[in-house]
Amino acid sequence: MNQTTLPSLLNADEPSAVEIVNGDSDALFVFVCDHASHRIPQRLGSLGLSDELRRTHIGWDIGAADLARHLASAFQAPLFLSGYSRLVIDCNRPLVSDGSIPLVSAGIEIAANRDLSAAEKRQRQDVLFHPYQQAIESHLDQRKARGIPTALFAIHSFTHDYPGESRPWHVDFGYQRDRRLAGLLIDGLQEPGILVGDNLPYAVEDESDYAIPVHGEQRGLPHVLVEIRQDTLGDAPQIARWAERLTTLFDRLRPAILALAQDTKDDR
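Definitions and cut-offs
- Residues numbered from 1 in each chain as written.
- Predicted model: local features only at pLDDT ≥ 70, side-chain atom pairs only at ≥ 80, totals over all residues.
- Heavy atoms only, no water.
- Helix = DSSP H or I, 4+ residues; strand = E, 2+ residues; numbered from the N terminus.
- Rg over C-alpha atoms; globule rule 2.2 N^0.38 Å.
- Buried < 20%, exposed > 50% of the residue type's maximum accessible area, 1.4 Å probe, protein only.
- Contact = heavy atoms within 4.5 Å.
- Areas by Shrake-Rupley, 256 points an atom, 1.4 Å probe, with all protein chains shown as cover.
- Lys, Arg positive; Asp, Glu negative; His and termini not counted.
- Charge placed at Lys NZ, Arg CZ, Asp CG, Glu CD.
- Polar contact = N/O pair within 3.5 Å; in protein donor to acceptor, adjacent residues only side chain to side chain.
- Salt bridge = Lys/Arg side-chain N within 4 Å of Asp/Glu carboxyl O.
- Pairing = 2+ DSSP bridges.
- Axes fitted to C-alpha atoms, helices over the stretch in contact; angles between N-to-C directions.

Student: How should I be thinking about the overall build of the protein in this particular structure?
Tutor: Counting secondary structure elements, the protein contains 7 helices and 9 strands. Here the C-alpha atoms of the protein give a radius of gyration of 18 Å, agreeing with the 18 Å that 2.2 N^0.38 yields for 268 residues. Taking the principal axes of the C-alpha coordinates as reference, the protein spans close to 55 × 45 × 30 Å. Taken over 268 residues, the protein has a buried fraction of 54%. Relative to all contacts within the protein whose residues are 6 or more apart in sequence, the contacts with residues 24 or more apart total 81%. For the protein, the accessible area works out to roughly 11800 Å², and carbon and sulfur atoms hold 49% of it. Across the protein, the mean location of the 26 positive side-chain charges is 2 Å away from that of the 38 negative side-chain charges.

Right under this line is the structure:
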């Protein structure tokens, strides 16, 4: 089936692939939230999963979007949020990755993602993945053209009970080739009772990540993957507490982060 003959993936009354908050802001920090929603396009039904299951960690990063909104508000900073579930297409996976359109997530089979045609896969890429990435790319290009210092924060959350793993950390500051910003945060967050992960439980990798390698590393921008454990983001007071903790940390380190950003040349 040719892609042009496929029904539209999104109905006219459905949200777009990306939500942009404070898009005109020149603030130092730029936030992205790749797994902000558990929404499934109406045309795809439920992907064969219950609503309860789609709302678990396999469908989105629980609490991450609300936390990111708090941070964007605190700093009046730009924020880009994906509009649809990573079960449809994962906006933090390279398109060549097996996890781009997952067949299995945390041991749960996503049967509706099996046997998709090339046209169906391409449609999800064109309608959901590319618009999200292009919105971020365009914003960063505009900042580069205007000489605005930029530090990129990718806001995520992780489950504490992933099968076969023990995950005692409350927060992970992740990176790959450039530890500068993550190192500032790891050293800076010294709070009793808070266990800080240094690339634990997640490290950034080219094969399994998109935002940091493409929007951060390839541009040479200071960047960090921020992962908060989901059982500490379970309700509004917990999310507010993390927002306060991170806002205080980022604000205290702002001069050092600005120095990193000013010492960086975006080569894209």
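Student: Just to check I follow, could you spell out the environment of I101 for this structure?
Tutor: By the secondary structure assignment, I101 is in the loop between β3 (79-82) and β4 (104-105). You can call I101 buried: its relative accessible area is 11%. Between the C-alpha atom of I101 and that of Q125, which follows or precedes it by 24 residues, the distance is 9.5 Å. Setting aside residues up to four positions removed in sequence, I101 forms contacts with V88, I89, N113, L116, K121 and R124.

Student: What am I meant to see in the side chain of S25 here?
Tutor: Secondary-structure assignment places S25 in the loop between β1 (18-21) and β2 (29-33). Using a relative accessible area of 13% as the deciding quantity, one classes S25 as buried. Here A27 takes part through its backbone nitrogen, which lies 3.0 Å from a polar atom of the side chain of S25. Filtering out sequence-adjacent residues up to four positions away, S25 remains in contact with Q76, A77, P78, H139 and R143.

Student: Would you explain the pattern of salt bridges in this entry?
Tutor: Pairs may arise between side chains of opposite charge once their charged atoms sit close together. Throughout the structure, instances matching the rule amount to 17 salt bridges. One salt bridge in this structure joins R69 and E19, with 2.8 Å as the shortest N-O distance. Residue R69 is found in helix α2 (residues 64-75), and its partner E19 is found in strand β1; the two are separated by 50 residues along the sequence. Across the salt bridge formed by D90 and R93, the nearest N and O atoms sit 3.8 Å from each other. Overall, D90 belongs to the buried group, its relative accessible area being 4%. Classification of R93 as partly exposed rests on a relative accessible area of 23%. One network of salt bridges, in which partners are shared, links E191, R241, E244 and R245.

Student: What exactly am I supposed to notice about the sheet that holds strand β9 (residues 223-229) here?
Tutor: Taken in spatial order, the 7 strands make up an open sheet running β1-β3-β2-β6-β9-β7-β8, and their pairing is mixed. Of all the strands in the sheet, just β1 and β8 (196-198) have a single pairing partner and so form its edges. Taken pair by pair, the neighbouring strands of this sheet meet at an average axis angle of 20°, ignoring direction. As paired elements, strand β7 (residues 171-174) and β8 share 3 bridges and run parallel to each other. Considered in β8, the bridge of F173 is made with D198.

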